[in-house]
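Remarks on the overall topology
Chain by chain, the residues:
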Amino acid sequence: MLDGDVGANARGFMVYRFTRYCMYVFLVVCVLLLSGCMANGSAPDDPGWVLTFAEEGDGEAGGAPAAERWVTEVGGGGWGNNEFQTYTAGNGNAFYDGQGNLVIEARRETVTGPDGVRRDYTSARLITKGRFEQRYGRFEARIQIPRGQGVWPAFWMLGASFPEVGWPGCGEIDIMENIGRELDKVHGTLHGPGYSASDGLAGTYEHPDGGAFADGFHVYAVEWDASGIRWFVDGVQYHERTPADVGGAGEGRWVFDDGPFFLLLNVAVGGYWPGYPDETTPLPQRMVVDYVRVYRRAE
């Protein structure tokens, strides 16, 4: 073999090895990106979904939740659940952390609210009523929930007809609830006339690794249309309800086609379902919200 042939073969081999290496790196990057999208569990970037609402947590550090998106409810009257906190206004217990998150913080502190009720815990309850309401679509949030006996974080929706028809006639869609002693479980539930409170239509998702949901961020979502409502955690569907689940069941009536719903984010302290804080409950506790996004189907 001539020296020129040897050099050419060597160069060809090096080009081959380099090309193989580049292909390998490309495939690894694609897999990592795909895995990240799947782990994130958010709505796919395709023309089938149109973004209609977004809270990206990008407010000024210490600032109150954006008034164009959120109303901060106040009071300590128990909120129908015998809760022990008073919800405060402004940035008292809800604020941006300056790192791209909206935070709700529950604290052990004695406060008398504007309703005259004295409570030993404070927290926040944010709603979009009058700011944003929608019927049907995908509703999702990426959240790191708090933990502890008696701590009750929730991401949920109420029918916009609530002031007129009351609860449960307005309908309630609980996208994510957790009671702090259940570290490895989250719940998704429907409430309506004939299937409310402890008789709500509930589903439970257990952490796939047996870990604690409070240890990291997870994407909690529902997809809601005329056929029914489906619940997801990190892109995994775990629960579904349809009009057939309530049709003809006593007073049961499917109220989820009647009109738009508004969003709620809150952290309750105590209540009939979670029970009450005790010596094991670490406070303060934070629910950290990376984003809230709502989509509708493209026309």
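Residues numbered from 1 in each chain as written. Predicted model: local features only at pLDDT ≥ 70, side-chain atom pairs only at ≥ 80, totals over all residues. Heavy atoms only, no water.

We now examine unusual backbone geometry. Here Trp167 and Pro168 are connected by a cis peptide whose omega angle stands at 10°. Examined against the element boundaries, Pro168 turns out to sit in the loop between helix H2 (162–165) and strand S10 (172–177). Put simply, Leu283 and Pro284 share a cis peptide bond, and its omega is 5°. Within the fold, Pro284 resides in the loop between strand S16 (261–269) and strand S17 (285–297). (Helix = DSSP H or I, 4+ residues; strand = E, 2+ residues; numbered from the N terminus.)

Further remarks concern the sheet that holds strand S11 (residues 185–191). Strand-to-strand pairing in sheets goes through backbone hydrogen bonds, with the strands running parallel or antiparallel. Strands sit in the order S2-S7-S16-S9-S10-S11-S12 across an open sheet of seven strands; the sheet is antiparallel. The open sheet has two edge strands with one neighbour each: strand S2 (71–73) and strand S12 (201–206). On average, adjacent strands in this sheet sit at an angle of 15° to one another, irrespective of strand direction. Pairing analysis gives nine bridges linking strand S9 (residues 151–159) to S16, with the strands arranged antiparallel. Each residue of the ladder has a partner; that of Pro153, found in S16, is Val267. (Pairing = 2+ DSSP bridges. Axes fitted to C-alpha atoms, helices over the stretch in contact; angles between N-to-C directions.)

What follows concerns the packing of aromatic side chains. Going through the model one piece at a time under the given rule, you end up with 14 aromatic pairs. Members of the aromatic cluster, connected to one another through ring pairs, are Tyr136, Phe139, Trp224, Trp254, Phe256 and Phe261. Residue placement shows Arg138 over the ring face of Phe232; its charged tip is 5.6 Å from the ring centre. A cation over a ring is seen here: Arg297 above Trp49, with NZ or CZ 3.8 Å from the ring centre. (Phe/Tyr/Trp six-rings, centres within 6.5 Å; stacked < 30°, edge-to-face > 60°. Lys NZ or Arg CZ within 6 Å of the ring centre and 35° of its normal.)

A few words on the pattern of salt bridges. One pass over the full model with this rule turns up 16 salt bridges. Between Glu55 and Arg69 there is a salt bridge, with the nearest N and O atoms lying 2.9 Å from each other. A residue pair is termed long-range when its members are at least 10 positions apart, and Glu55 in strand S1 (residues 49–55) and Arg69 in the loop between S1 and S2 qualify at 14 residues. As far as the burial class goes, Glu55 and Arg69 line up, both buried. (Salt bridge = Lys/Arg side-chain N within 4 Å of Asp/Glu carboxyl O. Buried < 20%, exposed > 50% of the residue type's maximum accessible area, 1.4 Å probe, protein only.)

Moving on, we come to the nonpolar core. By size, the foremost hydrophobic cluster in this structure holds 51 residues, and its most contacted members are Ile143, Ile173, Phe256 and Leu265. Sorting elements by how many residues they give to this core places S16 first, with five residues. If sequence neighbours within four positions are ignored, Ile173 has contacts with Trp156, Met157, Thr189, Leu190, Val222, Trp224, Ile229, Trp231, Phe256 and Phe261. (Core = buried A, V, L, I, M, F, W, Y, C linked by side-chain atoms within 4.5 Å. Contact = heavy atoms within 4.5 Å.)

Distances and angles like these do not, on their own, reveal function.
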